[in-house]
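# Results of the structural survey
Spelled out, the chains give:
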Amino acid sequence: MTLPAQRHGTDPGRELAEPGFWQQPPAHRIAAFARLRAAEGPVFVPEGSGRGHWALVRHAQVQEASRLPKVFASAPGVTTPEPARWVRALFGDSMVNLDGPDHAQLRKIVQRAFTPRLLAAAEEDIHAVAARIVDDVLEDGPDEFVSAVASRLPLEVICNMMGIPERYRAEIADRVNHASENIGVERGLASRLRMPGRGLRALARMQRMVAGIGRERRKHPTDDLISALVCANVDGQALGARQLGAFFSLLMVAGVETTRNAITHGLSLLTDHPDQRDLLLSDFEEYADGAVDEMIRHSTPIIQFRRTVAAEHTMDGHVFRPGDKVVLYYAAANRDEAVFPDPDAFLITRSPNPHLGFGGGGPHFCLGAHLARVEMKALFRELLTRPVGLRAVGLPDLAGSNFDNRVRSLRFAFERP
């Protein structure tokens, strides 16, 4: 591995390695990323392991690395820390941690399962679920937005699409929370020793549950995504039990968490920027698509993904060598002044808006991007066009994760006319 000059003297990347950095207010993080973007090339971030990683913080850098998977590999893992070998052996490799033919084959099976008929049914269901959630909120009154609204929509939509029986759903919601609640969050030693076991147990129970459903659907297929995945015939292959479990975990943890956080940040942004809210309400269908993309850019639900350099490559004057670690900081790239004028502003008319909230392109671009946009648009249509004036109260309670822009809770209220 190349020894970086940045390790000596002033180290602009050291701040990202400090345990308390991710617990600082968002403005602190935004300013730090701006300083990193101003550096001449990729900046080294030391880690406790002694190796560290190179931070890619510019829009062009993240795009370049995303579109060169033979150079910047996802294996052995995209999270920090990388998944242990025994965890991968036990649970199987998630699609996000695969490269080359293995990734292409798995992605092909999944893409084939998302038939036009299934997607049309899912979009119809999204609108029905969004309306029902807001009906419930109007009946029960305002309380806590993440649990009452933002988490419910993606969870119910994914469970309906997958064909998860109703009796399993409360437990699945609980398992998702346990599996993801401390990803990327700095904790004390006792908590670090205790929480991984809790999260892995939650993941194991969730995967066993869906594997059992998969076995039943192989015998008696129905019109749902699990049936399509386990009965697929793509070059003679379908998803096995471990592959189905790994895909379901990815769909639940990534699909539910990212969408719920984007929705929650979206409500907070519209509350903090009443001029943009008024503009959106002036013609919802005209401005909704732009509003959704700006919510995703501004909040960037996934802060970063990791890559391992597999072949020598030069970027912005720096030579990466095999074995080097790099991190794609989407949260920094989405505020790159070279691409987004006035990047810290929330502007629902921003155009173009080539944000990297769903990845930087290439083979790992998010499969669920379209459905996430549909979910957000449907829910905000229901939330904003009912005559109650729903708004956030106070600031979001952020988890302080270095992996995702997770919101633990957000209070909300009505302003009835």
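Residues numbered from 1 in each chain as written. Predicted model: local features only at pLDDT ≥ 70, side-chain atom pairs only at ≥ 80, totals over all residues. Heavy atoms only, no water.

### Observations concerning the overall build of the chain
Scanning the chain for helices and strands turns up 16 helices and nine strands. In terms of overall dimensions, the chain is globule-like: its C-alpha atoms have a radius of gyration of 21 Å, near the 22 Å expected for 417 residues. For the chain, the C-alpha atoms occupy an extent of roughly 60 × 55 × 45 Å along the three principal directions. For the chain, with 417 residues in total, the buried portion stands at 53%. The long-range share in the chain, meaning contacts at least 24 apart out of those at least 6 apart in sequence, stands at 72%. For the chain, the accessible surface area stands at approximately 18400 Å², while carbon and sulfur atoms represent 54% of it. Averaging the positions of the 50 positive and the 51 negative side-chain charges in the chain gives two centres separated by 8 Å. (Helix = DSSP H or I, 4+ residues; strand = E, 2+ residues; numbered from the N terminus. Rg over C-alpha atoms; globule rule 2.2 N^0.38 Å. Buried < 20%, exposed > 50% of the residue type's maximum accessible area, 1.4 Å probe, protein only. Contact = heavy atoms within 4.5 Å. Areas by Shrake-Rupley, 256 points an atom, 1.4 Å probe, with all protein chains shown as cover. Lys, Arg positive; Asp, Glu negative; His and termini not counted. Charge placed at Lys NZ, Arg CZ, Asp CG, Glu CD.)

### Quick word on the nonpolar core
Side chains of a nonpolar character, in soluble globular proteins, are inclined to be buried together. Counting residues in hydrophobic clusters, the biggest one holds 81 residues, and the most contacted among them are Phe-145, Met-162, Ile-172, Leu-225, Phe-247, Met-252 and Phe-380. Top element by residues in this core is helix 12 (residues 241-272). It accounts for 12 residues. Excluding anything up to four places from it in sequence, Phe-247 contacts Met-95, Val-110, Phe-114, Met-162, Leu-225, Leu-229 and Leu-239. (Core = buried A, V, L, I, M, F, W, Y, C linked by side-chain atoms within 4.5 Å.)

### Thoughts on the sheet that holds strand 7 (residues 325-329)
In a beta sheet, neighbouring strands pair by backbone hydrogen bonds and run either parallel or antiparallel. An order of 1-2-7-4-3 is seen for the five strands of this open sheet, with the pairing classed as mixed. Lying at the two open borders of the sheet, with one neighbouring strand each, are strand 1 (43-45) and strand 3 (72-73). Alignment of strand 1 against strand 2 (residues 53-56), held across three bridges, turns out to be antiparallel. Paired with Phe-44 across the bridge in strand 2 is Trp-54. (Pairing = 2+ DSSP bridges.)

### Notes on the packing of aromatic side chains
Tallied over the full model, the rule gives 11 aromatic pairs. An angle of 50 degrees between the planes, with centres 5.5 Å apart, marks the rings of Phe-33 and Tyr-329 as tilted. Placement of the pair is Phe-33 in helix 2 (residues 26-37) and Tyr-329 in strand 7, with a sequence separation of 296 residues. A single burial state applies to Phe-33 and to Tyr-329, both of which are buried. Centre to centre, the rings of Phe-72 and Phe-320 are 5.7 Å apart; their planes meet at 80 degrees, and the pair counts as edge-to-face. With Phe-72 in strand 3 and Phe-320 in strand 6 (residues 318-320), this residue pair connects regions lying 248 residues apart in the sequence. Given a relative accessible area of 1%, Phe-72 falls into the buried group. In textbook terms, an aromatic cluster arises when at least three aromatic residues are bridged by ring pairs, as seen for Phe-21, Trp-22, Phe-33 and Tyr-329. Taking NZ or CZ as reference, Arg-297 lies 5.3 Å from the ring centre of Phe-340, over its face. (Phe/Tyr/Trp six-rings, centres within 6.5 Å; stacked < 30°, edge-to-face > 60°. Lys NZ or Arg CZ within 6 Å of the ring centre and 35° of its normal.)

### Some points on the packing of helix 12 against helix 14 (residues 284-299)
Viewed as axis vectors pointing N to C, helix 12 and helix 14 meet at an angle of 100 degrees, and their least axial separation amounts to 9 Å. When the axes of helix 12 and helix 14 are compared, the pair comes out roughly perpendicular. Each of Ala-262, His-265, Gly-266, Leu-269 and Leu-270 in helix 12 lies in contact with helix 14, whose residues at this interface are Met-295, His-298 and Ser-299. (Axes fitted to C-alpha atoms, helices over the stretch in contact; angles between N-to-C directions. Parallel < 35°, antiparallel > 145°, perpendicular 65-115°, else oblique.)

### Points about the pairing of strand 2
Of the strand pairs in this sheet, strand 2 and strand 7 are connected by three bridges, and their pairing is parallel. Across the sheet, the residue bridging to Trp-54 is Val-326, located in strand 7.

### Let's talk about unusual backbone geometry
Trans is the prevailing form of peptide bonds, just as negative phi is the prevailing case for residues other than glycine. Note that the residue after Ala-75, namely Pro-76, is joined by a cis bond; omega there is 5 degrees. Summarising the element assignment, Pro-76 is placed in the loop between strand 3 and helix 4 (85-91). Backbone torsion omega between Ser-351 and Pro-352 reads 0 degrees, so that peptide bond is classified as cis. A positive phi angle, near 45 degrees, is found at Thr-300, a position not held by glycine. Along the polypeptide, Thr-300 turns up in the loop between helix 14 and strand 4 (304-309).

So yeah, pure geometry; function would need other evidence.
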